[in-house]
Amino acid sequence: QVRLVESGGGLVQAGGSLRLSCAASGSFLRIDEMGWYRQFPGKQRELVALITADGRANYADSVNGRFTISRDNAKNTLYLQMLSLKTEDTAAYYCYADVIRLSSRSTNYWGQGTQVTVSS
């Protein structure tokens, strides 16, 4: 079984920063694409940023230039550095990973989510 566990969410004032982490554990061959999504109350989950295994990143327009996604493949850990936070960044943030299991099959996994609240 593969688990993704997020940490680092919390309450911060507008203009502040937070760093989210997502640690993958379990038995698998490797992790391909990883990413962060967020969900506003009553809305569908939306993409924040994606990163390939070799470090190529893509960002949603709303966070480009403020957020940085990175990963440590040796630690199977994903990060999201969030700077210049805005009240509209308030959401539940979810980690995502495309995991290649021991069977060589690809399976998408999600973390349980971590709340980010930005106050004015």
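A short tour of the structure in this document, coming up. Nothing here was measured: the structure is a model prediction, and the numbers come from that model. (Residues numbered from 1 in each chain as written. Predicted model: local features only at pLDDT ≥ 70, side-chain atom pairs only at ≥ 80, totals over all residues. Heavy atoms only, no water.)

**What to know about the pattern of salt bridges**
Link 1 in the chain: All told, the structure shown has five salt bridges when counted by the stated rule.
Link 2 in the chain: Aspartate 54 is the partner of arginine 56 in a salt bridge, and the nearest nitrogen-oxygen pair spans 3.2 Å. Take arginine 56 and aspartate 54: they sit in the same class, and that class is exposed.
Link 3 in the chain: Linking arginine 66 and aspartate 89 is a salt bridge whose minimum nitrogen-to-oxygen distance equals 2.8 Å. Residue arginine 66 is located in the loop between β6 (57-59) and β7 (67-72), and its partner aspartate 89 is located in the loop between β8 (77-82) and β9 (91-100); the two are separated by 23 residues in the primary sequence.
Link 4 in the chain: We classify arginine 66 as buried; its relative accessible area is 11%. (Salt bridge = Lys/Arg side-chain N within 4 Å of Asp/Glu carboxyl O. Buried < 20%, exposed > 50% of the residue type's maximum accessible area, 1.4 Å probe, protein only. Helix = DSSP H or I, 4+ residues; strand = E, 2+ residues; numbered from the N terminus.)

**Topic: the state of the cysteines**
Link 1 in the chain: Across all of its chains, the model carries one disulfide by this definition.
Link 2 in the chain: Here cysteine 22 is linked by a disulfide to cysteine 95, with a sulfur-sulfur distance of 2.0 Å. The S-S bond linking cysteine 22 to cysteine 95 shows a torsion near -75 degrees; that makes this disulfide left-handed. With cysteine 22 in strand β3 (residues 18-25) and cysteine 95 in strand β9, this pair connects stretches of sequence that are 73 residues apart.
Link 3 in the chain: Cysteine 95 gets classed as buried once you look at its relative accessible area, which sits at 0%. (Disulfide = S-S within 2.5 Å.)

**A short note on unusual backbone geometry**
Link 1 in the chain: Even without being a glycine, asparagine 76 presents a positive backbone phi close to 50 degrees.
Link 2 in the chain: In this fold, asparagine 76 is placed in the loop between β7 and β8.
Link 3 in the chain: Residue asparagine 76 is classed as partly exposed on the basis of its relative accessible area of 24%.

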